[in-house]
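Remarks on the overall topology
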Amino acid sequence: MPARSKAQQKAAGAALSAKRGDTPKSKLKGASKEMEKSMSEKQLEEFASTTRKSLPERKD
């Protein structure tokens, strides 16, 4: 499932980085922290790989 906003795509990228061990989990905040806990690496990859060009900044 693709991300629905640029903010969601960015949060998924941060969560994916932490899940892979590239970023400390302690640096995560808000949505990215919850995404890291509740989503698999594959799900995070799908969200993070969404093209940002056509996405709104935030989903209302």
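The following refers to the structure shown. These numbers were taken from a predicted model, which means no experiment stands behind them. (Residues numbered from 1 in each chain as written. Predicted model: local features only at pLDDT ≥ 70, side-chain atom pairs only at ≥ 80, totals over all residues. Heavy atoms only, no water.)

Before going further, it helps to spend a moment on the pattern of salt bridges. Evaluation of the coordinates by the stated rule reveals 4 salt bridges. Between E57 and K6 there is a salt bridge, with the nearest N and O atoms lying 3.6 Å from each other. Placement of the pair is E57 in the segment after α3 (41-48) and K6 in helix α1 (residues 6-20), with a sequence separation of 51 residues. Judged by its relative accessible area of 55%, E57 is exposed. Among the charged side chains, a salt-bridge network with shared partners connects R20, E41 and E45. (Salt bridge = Lys/Arg side-chain N within 4 Å of Asp/Glu carboxyl O. Helix = DSSP H or I, 4+ residues; strand = E, 2+ residues; numbered from the N terminus. Buried < 20%, exposed > 50% of the residue type's maximum accessible area, 1.4 Å probe, protein only.)

One way to put it is that α1 packs onto α3 with a least axis distance of 8 Å and a crossing angle of 145°. The element α1 and its partner α3 pack so that their crossing is left-handed. Seen from α1, the contacting residues are Q8, Q9, A12, G13, A15, L16, K19 and R20; seen from α3, they are E41, L44, E45, F47 and A48. (Axes fitted to C-alpha atoms, helices over the stretch in contact; angles between N-to-C directions. Left-handed = near helix turned anticlockwise from the far one by under 90°. Contact = heavy atoms within 4.5 Å.)

We now examine the nonpolar core. Of all hydrophobic cores here, the largest spans 10 residues; its members are A3, A11, A12, A15, L16, M35, M39, L44, F47 and A48. Of all the elements in the fold, those that place two or more residues in this core are α1 and α3. For this core, the element with the most residues is α1, which contributes 4 residues. If we skip the residues at most four places from it in the chain, A48 touches Q9, A12, G13 and L16. (Core = buried A, V, L, I, M, F, W, Y, C linked by side-chain atoms within 4.5 Å.)

On to the side chain of Q9, then. Following the sequence through the fold, Q9 ends up in helix α1. Looking at Q9, its side chain comes within polar contact range of the main-chain oxygen of A48, at 2.7 Å. Excluding residues within four positions of it along the chain, Q9 makes contact with A3, F47, A48, T50, R52 and L55. (Polar contact = N/O pair within 3.5 Å; in protein donor to acceptor, adjacent residues only side chain to side chain.)

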